[in-house]
Amino acid sequence: MSSLEEPLGLDKLPSMSTIDRIQRFSSNACRPSGDGMGMGSCWIEGSSCSTSNSYDEDYDEYTREAFPWRRHTRDMSHGDSFSRRTVSLGRNHKMFGSACDIYNSNCNDKDIRDITNKFLKGIPRFVKIVEVGPRDGLQNEKNTVPTGVKVELIRRLVSSGLPVVEATSFVSPKWVPQLADARDVMEAVRDLEGARLPVLTPNLKVILQRSILFQQCHASVISSNLWVYLQGFEAAIAAGAKEVAIFASASEAFSKSNINCSIEDSLVRYRAVAHAAKVLSIPVRGYVSCVVGCPVEGAIPPSKVAYVAKELHDMGCFEISLGDTIGVGTPGTVVPMLEAVMAVVPVEKLAVHLHDTYGQSLPNILISLQMGISTVDCSVAGLGGCPYAKGASGNVATEDVVYMLSGLGVETNVDLRKLMLAGDFINKHLGRPSGSKTAIALNRIAADASKI
Ligand SMILES: CC(C)(COP(=O)([O-])OP(=O)([O-])OC[C@H]1O[C@@H](n2cnc3c(N)ncnc32)[C@H](O)[C@@H]1OP(=O)([O-])[O-])[C@@H](O)C(=O)NCCC(=O)NCCSC(=O)C[C@@](C)(O)CC(=O)[O-]
């Protein structure tokens, strides 16, 4: 198996014969035809798992590079928006006004409205940005970021106007040591106002033998030998979480590697979480990973993505985020995947979560918006992959998405200047440049202007 730099051979990439669909979506207000799950004719079936003799080594190498949170290997044998653009840009005028004006205001609003109506039908007036940097970004950091820095980052992101900031994960510290301080982070931000702060919860709770619990807190006895140790959902709620997210996969191999169980078993686990959440009126978001490709399984058929998305929706998730985990999607592959999912889950309940490995996130977001999606996951400064690690890449940078949406006249309520300051804050801490092209460019313009 190749590295992430070349995760899928071109022969393994999904069919590109979908350009006609894109054209259809670009020129009409787009909605799926509603013909059930009938995706068979628009997709080549994903190839089966690698048959290479060195599967295990390849798989290990792949998981090390693609999923750096895997610190250990797993034994696989077990198991008119346009008129509002000045509002969203206006908040950024002081520092970045000249750049935004020069590059985003070379037409008047009516011109923009006319042009976008002609070519970009379907784009929503408002896009909800779900910031995932503190969770998805920092879970991939080589060095653990101190709790205080995480808390300050979350505060800054919230104060930039982001409506949702995914704060952390209540997962196993053995697998994701970077987020082992989930309880402390959540307790520090639980009363922060102005944004929702969901956390990832892979399960309900864990029942453990007393003997392996001697040093754990948050435990209660249910029999002389069995203790319930608050983990997952219950630990998150105890720490003050008011919204949670569960994360399934459309790839069997990824599911086993990431959460140690099959897709079906994960759905059973998540039904328990969703049920407990419903009882407490806690909103649950659902993720589907590998919605376009998986380096092990190759192309993932849209029907599989649609199946998992519908299961999550049926169990009560208020929103389903579709993750191109390794960033291999192009509009040619994202469109049929979205079309399949939109046939079974209402489009207003869908979000896209796109990693930027191949630089395809912005076109993929644009086409998603044209198809009616209005929730986009992003990561400040493009956190989520070390620029020095071969092939690794984080989510699309929030600053780049905000800049693009401003240019399209789409409102986000995000103050780009404050967002960039949050990015600068974490970049300084991590000791590396921003992964956002917008942040780099606007910071350079601001620096040049200050010299005059
Ligand atoms: C999924 C599990 C929990 C399955 O956990 P498991 O089935 O119990 O088995 P395991 O062998 O993987 O882990 C067992 C250990 O985890 C403990 N454990 C079990 N549950 C918990 C918990 N809730 N909190 C804390 N600890 C827990 C459990 O007590 C035991 O501890 P040990 O006895 O070895 O010391 C585990 O494998 C795990 O935590 N994996 C990490 C998953 C993860 O966080 N992945 C990254 C996020 S997903 C993602 O990034 C994709 C996404 C969402 O962004 C979308 C996209 O980009 O596509």
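Residues numbered from 1 in each chain as written. Predicted model: local features only at pLDDT ≥ 70, side-chain atom pairs only at ≥ 80, totals over all residues. Heavy atoms only, no water.

S.K.: How would you explain the overall build of the chain if you had to name every residue and give the values?
M.R.: What the chain contains, in helices and strands, is 17 helices and 14 strands. With 452 residues in all, the chain has 55% of them scored as buried. For the chain, the accessible area works out to roughly 18,700 Å², and carbon and sulfur atoms hold 54% of it. (Helix = DSSP H or I, 4+ residues; strand = E, 2+ residues; numbered from the N terminus. Buried < 20%, exposed > 50% of the residue type's maximum accessible area, 1.4 Å probe, protein only. Areas by Shrake-Rupley, 256 points an atom, 1.4 Å probe, with all protein chains shown as cover.)

S.K.: Account for the side chain of histidine 313, naming residues and giving values.
M.R.: Mapped onto the elements of the fold, histidine 313 is located in helix 12 (residues 302-314). Look past the residues within four positions of histidine 313 in its chain and what remains in contact with it is Ile320, Val345, Pro346 and Lys349. (Contact = heavy atoms within 4.5 Å.)

S.K.: Tell me about the pairing of strand 8 (residues 244-249), residues and numbers included.
M.R.: Sheet faces and side chains relate simply in a regular strand, where the side chains alternate between the two faces. Of all six residues in strand 8, six are buried, a share of seventy percent or more. Side chains Val244, Ile246 and Ala248 of strand 8 all project onto a buried face; the interleaved residues Ala245, Phe247 and Ser249 project onto the opposite face, where all are buried too. Across six bridges, the pairing between strand 8 and strand 9 (residues 284-289) is parallel. In the strand pairing of strand 9, isoleucine 246 is matched with glycine 286. (Pairing = 2+ DSSP bridges.)

S.K.: Quick rundown of unusual backbone geometry? Include the residues and the values.
M.R.: Non-glycine residue asparagine 260 carries a positive phi angle of around 65 degrees. Tracing the backbone through its elements, the reader meets asparagine 260 in the loop between helix 10 (252-259) and helix 11 (263-279). Looking at asparagine 260, the relative accessible area reads 36%, which means it is partly exposed. For cysteine 290, which is not glycine, the phi torsion reads 55 degrees and is therefore positive.

S.K.: Please set out helix 15 (residues 398-407) residue by residue, giving values where relevant.
M.R.: Helical geometry: 3.6 residues make up each α-helical turn, so side chains three or four residues apart lie on a common side. Of all 10 residues in helix 15, eight are buried, a share of seventy percent or more. Those residues of helix 15 that fall on the buried side of the exposure criterion are Thr398, Glu399, Asp400, Val401, Val402, Met404, Leu405 and Ser406.

S.K.: Can you lay out helix 7 (residues 147-159) for me, pointing to particular residues and giving the numbers?
M.R.: Between its first and last C-alpha, helix 7 extends 18 Å over 13 residues, near the 18 Å set by a 1.5 Å rise per residue. Those residues of helix 7 that fall on the buried side of the exposure criterion are Val149, Lys150, Val151, Leu153, Ile154, Leu157 and Val158. Looking at the packing, one finds that the buried side of helix 7 touches strand 1 (128-131), helix 6 (133-137), strand 2 (164-165), helix 8 (182-189) and helix 16 (416-430). Once helix 7 finishes, glycine 161 follows within two positions and takes phi at roughly 100 degrees, a positive value. (Expected span 1.5 Å × (residues − 1).)

S.K.: Just give me the short version of the state of the cysteines, but keep the residues and values in it.
M.R.: The full count for this structure, using the stated rule, is zero disulfides. Between cysteine 294, a free cysteine, and cysteine 290, which holds the nearest cysteine sulfur, the sulfur-to-sulfur gap is 4.7 Å. Residue class for cysteine 294 comes out buried when judged on its relative accessible area of 0%. (Disulfide = S-S within 2.5 Å.)

S.K.: So what's going on with the packing of helix 13 (residues 331-342) against helix 14 (residues 361-370)? Which residues, and what values?
M.R.: Two quantities define a packed helix pair, namely the angle between the helix axes and the distance between the axes. The contact between helix 13 and helix 14 brings their axes to 9 Å, and the two run at 35 degrees. Judged by the twist between their axes, the crossing of helix 13 over helix 14 is right-handed. Note on element contacts: helix 14 touches helix 13 through Pro363, Asn364, Ile367 and Ser368, opposite Pro331, Val334, Val335 and Leu338. Of the residues assigned to the contact of helix 13 with helix 14, the class counts are six nonpolar, two polar and no charged. (Axes fitted to C-alpha atoms, helices over the stretch in contact; angles between N-to-C directions. Left-handed = near helix turned anticlockwise from the far one by under 90°. Nonpolar A, V, L, I, M, F, W, Y, C, P; charged D, E, K, R; others polar.)

S.K.: Explain the packing of helix 14 against helix 15 to me, and be specific about the residues and the numbers.
M.R.: Packing of helix 14 against helix 15 leaves a shortest axis separation of 11 Å and a crossing angle of 50 degrees. As judged from the angle between their axes, helix 14 and helix 15 are oblique. Like other packed secondary-structure pairs, helix 14 and helix 15 cross with a definite hand, here right-handed. Of the residues in helix 15, those touching helix 14 at Leu362, Ile365, Leu366 and Leu369 are Asp400, Val401, Met404 and Leu405. Looking at the contact of helix 14 with helix 15, its residues break down into seven nonpolar, no polar and one charged. (Parallel < 35°, antiparallel > 145°, perpendicular 65-115°, else oblique.)

Geometric descriptors of this kind do not, in isolation, establish any biological role.
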